[in-house]
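# Structural characterization, general
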Amino acid sequence: MRTIVLLFAVVAGLSAMAIPKQKSGVFTIEMKSTPSLRAKLIKEGKWQQVLADLHTKASGSQPFIDFYDDFYLANVTTGTPPQQFSIVPDTGSSNYWIIDANKCNNLACQGYPDSGYTKHRFDSTKSSTFKNLGTPFSIQYGSGSCTGSLAVDVLSFAGLSYATQTFGLASSIADVFGYQPMDGIMGLGWPALAVDNVVPPIQNLLPTLDKPLFTVWFDRKVQDSKGGNGGLITYGALDTNNCDPTFNYVTLSSKTYWQFAVDSFSVGTYSIAKSQQVISDTGTSWLGGPQNGINYIIQATNAQYDAKYQIYTLPCTQTGLPDIVFTIGGMKYNIPSTEYVLDLGLGNGNCALTAFDFDFGGFGPQWILGDTFIRTYCNAYDVGGGRIG
C-alpha cells in the first residue's frame with residue numbers, strides 16, 4: 001500500500017568515513033560537515049533564483065527551504081560489491097532510501113550544476129544480492145518528497161552490516177534535494193514512523209550492539225562550516241570521549257519521533273512557563289518552534305527579517321545576546337549565541353538567526369531541537385530504554 005507521511009527531516013546530514021572501534025559491539029562513524037550550500041550560492045549571487053525555483057517546483061516545501069546549512073553526512077554502502085553513498089542520518093524519520101541509477105535521471109537526481117555536487121546513485125544491476133520488491137513507496141518530508149519502489153539488499157556502515165535491509169529506491173526526488181550534497185536519507189526514528197511498515201536500520205542492528213542505544217556528537221562551529229570533520233555517531237555505547245560522561249535522561253512521550261517534554265522555554269525576559277512537546281532531530285539544521293516562541297527570540301535579539309534571503313538577521317558583532325534556555329527534566333540547557341547566530345556571508349556585517357517558526361496543526365511537537373541544540377549538547381538515543389539523554 002502506498003503511504004504518504006509528513007516527516008521532519010532533512011535540513012541537515014553527515015559525510016563521513018566509517019571507522020569501527022576495536023571493542024566488540026561498539027561502533028563509531030566519524031562525521032564531516034559540508035560547506036553551506038546557501039552561503040555558497042549567496043556568494044555567487046544565485047540564492048534568490050534558487051529560492052524562486054524552489055518555491056515554484058517544490059510544492060509545500062516553503063516553510064523549510066531556508067534551512068540547508070551545517071549539513072552533516074555519513075558514508076554508508078549498499079549492495080554486493082558495496083556501492084558507497086553520502087546520506088543524512090536522520091532521527092526525524094525512519095526509512096532508508098537512495099537514488100535509483102536506472103530510473104532517476106533528471107538534473108535533481110544527478111545534482112544541479114549550481115550545487116557543485118554530483119549525486120551517487122545505486123545501480124541495482126551491479127549488486128548480486130539485490131532483490132526488487134516492486135512495492136511503491138512515497139515519503140513527504142518537511143522540505144520535499146521522494147517516490148520509487150521498495151527493495152532489499154545489504155546495508156553497511158560504521159563496521160555494522162545487515163544483509164536484508166528493506167529500503168527505498170527513489171525514481172523521483174524533490175528539486176530541493178538536487179541542491180543538497182546528499183544521496184539519500186537513513187532514518188533513525190522509531191518503527192511507528194516508518195512508511196510501509198519497513199523495519200528501520202537501527203532496529204535491525206540492535207542485537208549486534210553492546211547497548212541498545214546510539215550517541216550523537218556534533219562538533220561546534222562558530223561560523224558556517226567550510227567542510228571537514230563534523231562529529232561522531234557512536235552505536236552501542238555512550239560517547240565519553242567527546243561528551244560529558246553524565247547524561248540526564250527523560251522518558252519519551254511518543255515512540256515515533258524522538259519526542260519528549262520540556263518544562264519551560266525562555267530567552268532574555270521572555271518565557272513560556274509550561275510544558276511543551278519537542279523532538280530531537282539531527283535532520284533539521286536549525287531550531288524550529290511555535291510562532292510566539294520564535295517571536296520572543298526575535299524580540300530578545302532585535303533580529304530583523306531579510307526579505308531578500310527570507311531569514312531573520314542581526315549584526316554578526318552584536319554583543320550581549322541572551323541564551324536560549326530549555327528546561328528539561330528540571331535542568332536548564334542554555335544555547336549560547338555562538339550556536340544560534342551563523343555567518344552565511346550575507347554581507348553588510350549581517351548574520352543569520354538560526355531559528356524558524358512552524359505549525360504542526362496542534363497534533364504534534366511544538367519545537368524541533370535541530371543541530372543548533374545538538375551541537376551544544378550531546379544527545380544519547382536510548383532505544384532499549386525508550387528515553388533520551
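Residues numbered from 1 in each chain as written. Predicted model: local features only at pLDDT ≥ 70, side-chain atom pairs only at ≥ 80, totals over all residues. Heavy atoms only, no water.

Taking an unreviewed UniProt entry as the reference, the protein is identified by name as Peptidase A1 domain-containing protein belonging to Acrobeloides nanus. Recorded in UniProt under Sequence similarities (unreviewed entry), the annotation for the protein is "Belongs to the peptidase A1 family." (UniProt positions renumbered as here; feature names shortened; annotations may be inferred.)

### Looking at the side chain of Lys-119
Position of Lys-119 relative to the elements: it lies in the loop between α3 (107–110) and β7 (131–141). Asp-183 provides the closest opposite charge to the buried, unpaired Lys-119, separated from it by 5.4 Å. Of the polar contacts made by the side chain of Lys-119, one reaches the backbone oxygen of Phe-177; its length is 2.6 Å. Separated by 2.6 Å, the side chain of Lys-119 and the backbone oxygen of Gln-180 make a polar contact. (Helix = DSSP H or I, 4+ residues; strand = E, 2+ residues; numbered from the N terminus. Buried < 20%, exposed > 50% of the residue type's maximum accessible area, 1.4 Å probe, protein only. Lys, Arg positive; Asp, Glu negative; His and termini not counted. Salt bridge = Lys/Arg side-chain N within 4 Å of Asp/Glu carboxyl O. Polar contact = N/O pair within 3.5 Å; in protein donor to acceptor, adjacent residues only side chain to side chain.)

### Side note on the sheet that holds strand β20 (residues 304–306)
Taken in spatial order, the four strands line up as β20-β21-β25-β24 in an open sheet, and their pairing is antiparallel. The sheet is open, and its two edges are formed by β20 and β24 (341–342), each paired on a single side. Pairing of β24 with strand β25 (residues 350–353), which is carried by two bridges, proceeds in the antiparallel orientation. Residue pairing for β25: Leu-342 is matched across the bridge by Ala-352. (Pairing = 2+ DSSP bridges.)

### As for the sheet that holds strand β15 (residues 258–262)
Spatial ordering of the open sheet is given by β14-β15-β18-β27-β19-β26, a layout of six strands whose pairing is mixed. Taken across any chain shown, the strands that pair with only one partner, and hence form the sheet edges, are β14 (254–255) and β26 (355–357). Sheet topology note: the β14/β15 ladder contains two bridges and is antiparallel. Following the sheet pairing, Lys-255 is matched in β15 by Trp-258.

### Some details on the packing of aromatic side chains
Ring pairs (aromatic) are described by centroid distance and by the angle formed between their planes. Counting across every chain of the model gives 22 aromatic pairs. Judged by centre distance (4.5 Å) and plane angle (20°), the ring pair of Tyr-112 and Tyr-179 falls under stacked. With Tyr-112 in the loop between α3 and β7 and Tyr-179 in the loop between α4 (175–178) and β10 (184–187), the pair connects residues that are 67 residues apart, well separated along the chain. Tyr-179 shares its class with Tyr-112; the two are buried. Measuring from centroid to centroid gives 6.1 Å for Tyr-141 and Phe-177, while their planes differ by 75°, and the two rings are edge-to-face. On the criterion of sequence distance, the pair formed by Tyr-141 in strand β7 and Phe-177 in helix α4 is long-range, its members being 36 residues apart. This pair shows no difference in class: Tyr-141 is buried, exactly as Phe-177 is. (Phe/Tyr/Trp six-rings, centres within 6.5 Å; stacked < 30°, edge-to-face > 60°.)

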